[in-house]
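Descriptive analysis of the structure
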Amino acid sequence: MAAVALATRWWLLLVLSAAELGVTGAPQPPNILLLLMDDMGWGDLGVYGEPSRETPNLDQMAAEGMLFPNFYTANPLCSPSRAALLTGRLPIRSGFYTTNGHARNAYTPQEIVGGIPDSELLLPALLKGAGYTSKIVGKWHLGHRPQFHPLKHGFDEWFGSPNCHFGPYDDKARPNIPVYRDQEMVGRFYEEFPINLKTGEANLTQIYLQEALEFIQRQQAAHRPFFLYWAVDATHAPVYASKPFLGTSQRGRYGDAVRELDDSVGRILHLLRDLGIAENTFVFFTSDNGAALISAPRQGGSNGPFLCGKQTTFEGGMREPAIAWWPGHIPAGQVSHQLGSIMDLFTTSLSLAGLEPPRDRAIDGLDLLPTMLQGRLTDRPIFYYRGNTLMAVTLGQYKAHFWTWTNSWEEFKQGIDFCPGQNVSGVTTHSQEEHTKLPLIFHLGRDPGERFPLSIASIEYLDALRRITPVVQQHQEALVPGQPQLNVCNRAVMNWAPPGCEKLGKCLTPPESVPEKCSWPH
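Note that residues are indexed from 1 along each chain, following the sequence as it is written. Owing to the predicted nature of the model, reporting of local features is limited to residues with pLDDT of at least 70; listing and counting of side-chain atom pairs is limited to 80 or more, with chain, interface and lining totals taken over all residues. Heavy atoms throughout the structure, all of them, feed into the side-chain values; hydrogens and water do not.

**Brief notes about the sheet that holds strand β19 (residues 440–443)**
The criterion, for reference: A pair of strands is treated as paired once DSSP finds two or more bridges between them. Secondary structure counts use DSSP, requiring at least four H or I residues in a row for a helix and at least two E residues in a row for a strand, with both numbered from the N terminus. All axes are obtained by fitting lines to C-alpha atoms, using only the stretch in contact for helices, and the reported angles, taken between N-to-C directions, cover 0 to 180 degrees. Throughout, a residue-residue contact means that at least one pair of heavy atoms, one from each residue, lies within 4.5 Å.
Taking strand neighbours across the sheet as the criterion, the four strands line up as β14-β15-β16-β19 in an open arrangement whose pairing is antiparallel. Only two strands of the sheet have a single neighbouring strand rather than two, namely β14 (381–386) and β19. Each adjacent strand pair in this sheet contributes to an overall mean axis angle of 20 degrees, direction not counted. Bridge count between strand β15 (residues 389–395) and strand β16 (residues 398–401): four bridges; the pairing is antiparallel. Bridged to V393 within β16 is A400. Helix-sheet contacts for helix α12 (residues 459–478) involve β14, β15, β16 and β19, and the interaxial angle to β15 is about 125 degrees.

**Notes on the domain arrangement of the protein chain**
The line we're drawing: An automatic or database domain assignment supplies the start and end points of every domain. We define buried area as the total accessible area lost by two parts upon association, computed with a 1.4 Å probe and summed across both. A side-chain nitrogen of Lys or Arg and a carboxyl oxygen of Asp or Glu constitute a salt bridge if their distance falls within 4 Å. Pairs of N or O atoms within 3.5 Å make up the polar contacts considered here, provided that, within protein, one atom can donate a hydrogen while the other can accept it, and that residues adjacent in sequence are counted only when both atoms are side-chain atoms. Gly falls in the polar group here, along with every residue not listed as nonpolar (Ala, Val, Leu, Ile, Met, Phe, Trp, Tyr, Cys, Pro) or charged (Asp, Glu, Lys, Arg).
Domain parsing of the protein chain yields domain 1 (31–378) and domain 2 (389–478). Placing the centre of domain 1 and that of domain 2 at their C-alpha centroids yields a distance of 27 Å. Between domain 1 and domain 2, the contact holds 21 residues from the first and 26 residues from the second. Of all residues in domain 1, H102, L307 and F314 bury the most surface against domain 2, accounting for 29% of the area lost on that side. In this structure, the connection of domain 1 to domain 2 is made through one salt bridge. At the junction of domain 1 and domain 2, the tally comes to nine residue pairs in polar contact (both at pLDDT 80 or more). Counted by class, the side of domain 1 that touches domain 2 contains 11 nonpolar, five polar and five charged residues.

**Observations concerning the state of the cysteines**
The condition that has to hold: By definition, disulfides here are pairs of cysteine sulfur atoms that lie within 2.5 Å. Only protein chains enter the accessibility calculation, which uses a 1.4 Å probe; a residue is then buried when its area is under 20% of its type maximum, exposed when over 50%, and partly exposed in between.
Enumeration over the complete set of coordinates arrives at three disulfides. For C308, the disulfide goes to C419, at an S-S distance of 2.0 Å. Disulfide C308-C419: torsion about the S-S bond near 105 degrees, hence right-handed. Linking C308 in the loop between β9 (281–287) and α8 (315–318) with C419 in the loop between α11 (409–413) and β18 (433–434), this pair joins segments that are 111 residues apart in sequence. By relative accessible area, C419 is classed as buried at 5%. One disulfide bridge connects C489 with C518, the sulfur atoms lying 2.0 Å from each other. Between C489 and C518 the disulfide shows an S-S torsion of about 105 degrees. By sign, it is right-handed. Of this pair, C489 sits in strand β20 (residues 488–489) while C518 sits in the segment after β21 (516–517), and the two are 29 residues apart along the sequence. Comparing C489 with C518 shows no difference in burial state: the two are buried. In the protein chain, the bonded cysteines, numbered by position in the sequence, are linked as 1-2, 3-6, 4-5.

What follows is the structure in structure tokens.
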């Protein structure tokens, strides 16, 4: 109710200001621009302490806005976290999980049968109620079959791909990933949209940047409020950058990709200023999950002082870089210690538009406007899920682990390591260890690296457990999981013949195949 009241007061101020100026008609709500990176870690920005200091534009964005050092994704993997952003709900509520194994991560590869259900209400569809035009640029990753297309879930425009830029493939076992403009394929990665795996050269970030700039200019000229979801993937292995940026970073090819993304953000913010709409555009920068240490150091980033990375529910897999920017509204140079979530972007965006979240379902995202505009802090839990399993929860400064593991001994012996150089005895285990009766509890303020669990005999441990236990019980008792979407795979549903392939002569014949259980990493 407090968030709704704040949004109402904000709209009232706009109406009164318009009346004083003699402006007729309803005030236009602010534009909304969400910049979502892929596998970028908390420690990849200069403002978070990266020693090379190669992100001047993002550092300046933070200096002009608000930095969130305690901002979290909803899942340590790409597809579920993106579902959470656009629905405002934990992935287990929307079905973005698997029951094929306990505490298994899952996503949407080419062979996945499922995707975002029609029953889910996505942010762009709701923003239509306030007159917004919406575009997604980059990776969708919420299902690639026709019923899961972003234009069927509220977006008006799309340039990008349904899956990650893995490849190249031989078009026999599997096809190369298609790139879409709106409803039709306009080419495929490694074909019309080349990526040189040897050199790392690709122009995709520049293409995605031009798509963003053109969309902003077009909507500003039409005086329409817009929502732009810029979901670029250059920092996901195999990382890439355009030729002018290759070889320019102290950090190697991954740093080249970060530098190009930083430059792109700078150009976007510069355009907003040039068009005179910076003060009417809310911009938020974050990442979908932690840096993929399995690909580091050549193809992965940094999670700073935090433990492990992508795929895990330790801080390195879940805590993200986050910057809010809205000149004239968010005071410059602020640091907020609010526990934030990627799901908050859903609720905050609706509040900016003067809309309320749906009342017929559980919404996990908070409205961050009171935090950003008034410096208010709200006590709330952060739940860490891996697949269908609640692994941990943070409340205040305390984090309780109910299950711990990184990945299996079988994978680890094959060289797959989610926590390279970070072994913590009894914590970064390669078997699933249950702690539901006596959780491992860490004080994240004193021990952000989760290396020193509190003694279970200490008063501090018992006090923390006493606070956390009812919060977890209430959450689990009220939870209604969605129908799992990431259980079934079928090679026949891969991107063999996307809409528009006939015009390009790029239609392929799917193999005979039958549905089967997806096999997820363990």
